Amino acid sequence: MTGTKQYGENYVADEMEYDERLAHFRQTRLNPFDRGEGEDGPQGGKTPPQHETRPELFSGTRTHSSDRTMDLGLAEDHFSRPVGSFVASDIEQLKLAIEECKKLILELPEHSERQKDTVVKLIHLRLKLQELKDPEEDEPNLRVLLEHRFSKEKSKSVKQTCDKCSTIIWGLIQTWYTCTGCYYRCHSKCMNMITKPCVRSKVSHQSEYELSICPEIGLDRQDYRCAECRTPISLRGVPSEARQCDYTGQYYCSTCHWNDTAIVPARVIHNWEFEPRKVCRSSMRYLALMIPRPVLKLKEINPLLFNFVEELVEIRKLRQDILLMKPYFITCKEAMEARLLLQLQDRQHFVENDDMYSLQDLIDISSGRLSCSLTEIHTTFAKHIKLDCERCQAKGFVCELCKEGDILFPFDSHTSVCHECSAVFHRDCYYDNSTTCPRCARMTERKQDDDVKDA
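Procedures and definitions
- Residues numbered from 1 in each chain as written.
- Predicted model: local features only at pLDDT ≥ 70, side-chain atom pairs only at ≥ 80, totals over all residues.
- Heavy atoms only, no water.
- Helix = DSSP H or I, 4+ residues; strand = E, 2+ residues; numbered from the N terminus.
- Expected span 1.5 Å × (residues − 1).
- Bend = angle between axes of the 7 residues up to and from the residue.
- Buried < 20%, exposed > 50% of the residue type's maximum accessible area, 1.4 Å probe, protein only.
- Pairing = 2+ DSSP bridges.
- Axes fitted to C-alpha atoms, helices over the stretch in contact; angles between N-to-C directions.
- Contact = heavy atoms within 4.5 Å.
- Phe/Tyr/Trp six-rings, centres within 6.5 Å; stacked < 30°, edge-to-face > 60°.
- Lys NZ or Arg CZ within 6 Å of the ring centre and 35° of its normal.
- Core = buried A, V, L, I, M, F, W, Y, C linked by side-chain atoms within 4.5 Å.
- Parallel < 35°, antiparallel > 145°, perpendicular 65-115°, else oblique.
- Left-handed = near helix turned anticlockwise from the far one by under 90°.

(A) Helix 10 (residues 310-330), seen in detail. Look at helix 10: 31 Å from first C-alpha to last across 21 residues, which is about the 30 Å you get at 1.5 Å a residue. In the structure, helix 10 departs most strongly from a straight axis at L324, where the bend amounts to approximately 30 degrees and where the proline P327 lies between one and four residues downstream. Buried within helix 10 are the following residues: L312, I315, L318, R319, D321, I322, M325, Y328 and F329.

Given below as structure tokens:
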């Protein structure tokens, strides 16, 4: 009790000093938040009877009547550390002070200025207690755990939810971290309890989807436990509710499955269905990281899809044309300076092959966004080759079968390309021709002549 008494005496001295400074402030500046003494009472302008206060905590509240008002927004920043507000450095003393403050709030007249003043002091005490329990300066900025790379967050206003304990992260008074790889969020105090490895490592080592639609194995095969944390679960919700992930087909507890929704790749590839389904937290992060990766080879997984989705056929033709345009740009100085191929930097696989798709590609094909953007890029590329650049125009072809018409390019819609020598002809001329390709015939004849000379 000696420590508590000493604490109260120190607090009295600091409060008196604070009140003297506040009185001096009011004498020199008008405070629009001040009220008359008659306005402090709930009825008829009468001041309610004063309740006995606790001198150990708030002697300033006792020595001044209802005239004492907090200058909200003017005299004090209540989210900083006001001079003289805290003198306790011990956690137990602060806990005692908080309990006394809470009792005092209940004793004071409701909605009175003195009660509001006390509430502000309670906030200050709780902030100080939290700082002592979880000192920010002792927390490292970067922590590595189970392949997670946790970075300390500095945002104080954004309200997040801890992925470990499923409670709210109050950034104002709590230290929290976010994994830079999979965006796993948690309190600093929950770091040592994490058991889930970083999903990005799985993406790096195993970049493939589960291509079976909701491959359920049943709760009995899971021993009636969560597939991730092994918590006992059941469909009746006792002791914990079993929630199924539509991507893995397994059942999870409410801590590992928050009823988040995501588009399931297997349903897109087999059914062309884009309705979001409920998935567990780890599946949601895995799908979010995998969505831009081109790992789907549709002509091997489901080649019949091209017979039923016309947009896929259109996109495939545009991609094939872009691959035919790529050699022109690589050997063109103007195209390299203009960085034309960088228009596809978000879909780098479009300039590498024409059969690999990402889940994001399929989503954009379904919505029509990809068709519009890719058609615009295709038009820009063709304009450079056929109209804007003389070097690229000089690399065009003349149909050797009819020797008529304009200069031909392999990506023109009315042309056909020889599979042997890549010569370009009018489509009608190529299919009506009963002989071999003239260019292939010349190359064969030249090779035979060279062989005779060598002999």
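(B) Main features of the sheet that holds strand 6 (residues 185-187). Taken in spatial order, the four strands of this open sheet run 1-2-5-6, and their pairing is antiparallel. Every other strand in the sheet has two partners, leaving strand 1 (142-145) and strand 6 as the edge strands with one partner each. The sheet shows a mean angle of 30 degrees between the axes of neighbouring strands, direction not considered. As judged from the three bridges shared by strand 5 (residues 176-179) and strand 6, these two strands associate in the antiparallel manner.

(C) Representation of the side chain of H349. Mapping H349 onto the fold places it in the loop between helix 11 (333-338) and strand 12 (356-357). If we skip the residues at most four places from it in the chain, H349 touches P294, R319, M356, S358 and D361.

(D) Structural detail: the packing of aromatic side chains. For the structure on display, the rule yields seven aromatic pairs. Centroid distance F150 to Y184: 6.2 Å. Interplanar angle 70 degrees. Geometry classified as edge-to-face. Of the two residues, F150 is situated in strand 2 (residues 148-152) and Y184 in the loop between strand 5 and strand 6; the sequence distance between them amounts to 34 residues. Each member of the pair F150 and Y184 is classed as buried. One aromatic cluster in this structure is built from Y328, F409 and F411. Cation over ring: R281 sits above W258, and NZ or CZ is 3.9 Å from the ring centre. Sitting over the ring of F306, R316 keeps its end group 4.5 Å from the ring centre.

(E) Region of interest: the nonpolar core. Within the largest apolar cluster, 71 residues are counted, with the highest numbers of intra-cluster contacts made by L298, L312 and L362. Residue contributions to this core peak at seven residues, all from helix 10. Not counting residues up to four positions away in its chain, the partners in contact with L362 are V268, W272, F274, L296, L298, L312 and Y357.

(F) Broad picture of the packing of helix 10 against helix 13 (residues 369-388). Two elements in contact, helix 10 and helix 13, have axes whose closest approach is 10 Å; the angle formed by their N-to-C orientations is 30 degrees. Considered as vectors, helix 10 and helix 13 are oriented roughly parallel to each other. Judged by the twist between their axes, the crossing of helix 10 over helix 13 is left-handed. Contacts from E314, I315, L318, R319, D321, I322, M325, Y328 and F329 in helix 10 reach L370, S371, L374, T375, H378, F381, A382, H384 and I385 in helix 13.

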